[in-house]
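An overview of the molecular structure
Chain by chain, the residues run as shown.
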Amino acid sequence: MTSDTKIFVGLKPIRKKAGPAPATAGPRCQWDGCEKAGTHRAPVGRDGEGLYLLFCVEHVRVYNAGYNYATGQSEGPTARYQKEAVSGARVTQGQAARAATEMPLPSTQRSGSAKAVNARKNAAERQAQKADLQKRKLKVLEARAFETLGLAEDASAEDIRRRYKEKLKMHHPDANQGERDTEGQLQASIEAFRILKLNGFC
């Protein structure tokens, strides 16, 4: 089928030809001799805050390249303005240094967090349990363990550990040139310390 057949003879193209470009509505570029639309604003300068000139793209670039806000000012005020512009003209103040203090223990630190509250509660419970252990009447094995280590019934945990180490050094075979006479006392001290530790005294 060719384009000169009867089907195509009566057809007309519907595509319209491009007409002349419509005139730009709006202000013209304020550059001397320019007829383009002024779509870009440029500040007038010092003592003209809030006033703008309208330029096209090419001329606004040229204007901005040579724009200087501080025209006509001396070097002193210009330098001060540039220095203030770096920090935003904000007054900076130092902070007084405080002496380092020790961090409070979790059991003494007042805080609303659950971790701190639980730490205080657990510490208070442990102290109460130790006080109860010291107040109650000692069992036979506990009293014998204190007697074996040569300590009073109200001895602290630190005193118990210190006396136990002393007994170990005193009755250990290495300290006695291999003599086995004090081996029984060494075993008794170990057993006494084990009983006190199991019952929460140290």
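Residues numbered from 1 in each chain as written. Predicted model: local features only at pLDDT ≥ 70, side-chain atom pairs only at ≥ 80, totals over all residues. Heavy atoms only, no water.

1. With respect to the pattern of salt bridges
In plain terms, the rule: The working definition used for a salt bridge is a side-chain nitrogen of Lys or Arg within 4 Å of a carboxyl oxygen of Asp or Glu. Under the DSSP-based scheme used, a helix requires at least four consecutive residues in state H or I and a strand at least two consecutive residues in state E, with every element numbered from the N terminus. For every residue, the accessible area (1.4 Å probe, protein chains only) is compared with the maximum for its type, and the residue is labelled buried under 20%, exposed over 50%, or partly exposed between those bounds.
Per the stated rule, a full pass over the model turns up 5 salt bridges. Linking E158 and R161 is a salt bridge whose minimum nitrogen-to-oxygen distance equals 3.6 Å. Of this pair, E158 and R161 both sit in helix 6 (residues 157-171), 3 residues apart, roughly one helical turn. In this structure R161 comes out as partly exposed when scored by relative accessible area, which is 36%. Residues R162 and D159 are paired through a salt bridge, measuring 3.0 Å at the closest nitrogen-oxygen approach. Here D159 and R162 lie together in helix 6, a separation of 3 residues that amounts to about one turn. Taking relative accessible area as the criterion, R162 reaches 43% and is therefore assigned partly exposed. For D159, a relative accessible area of 30% gives the class partly exposed.

2. Quick notes on the packing of helix 5 (residues 140-149) against helix 7 (residues 183-198)
Stated formally: Note on definitions: angles span 0 to 180 degrees between N-to-C directions of axes, and those axes are lines fitted to C-alpha atoms, for helices only across the stretch in contact. Any angle that falls under 35 degrees is termed roughly parallel, while one over 145 is termed roughly antiparallel, one within 65 to 115 roughly perpendicular, and all others oblique. Each crossing is labelled by how the near helix is turned from the far one, with a counterclockwise turn of less than a right angle marking it left-handed and a clockwise turn marking it right-handed. Contacts between residues were defined by any pair of non-hydrogen atoms, one from each residue, lying within 4.5 Å. For this classification, the nonpolar set comprises Ala, Val, Leu, Ile, Met, Phe, Trp, Tyr, Cys and Pro, the charged set comprises Asp, Glu, Lys and Arg, and every other residue, Gly included, is treated as polar.
At a minimum axis distance of 9 Å, the contact between helix 5 and helix 7 shows a crossing angle of 135 degrees. The angle between helix 5 and helix 7 places the two elements in the oblique class. In the packing of helix 5 onto helix 7, the handedness of the crossing is left-handed. Here helix 5 contributes L141, E142, A145, F146, T148 and L149 to the contact with helix 7, which in turn contributes A188, S189, A192, I195 and L196. Residues that form the contact of helix 5 with helix 7 fall into these classes: 8 nonpolar, 2 polar and 1 charged.

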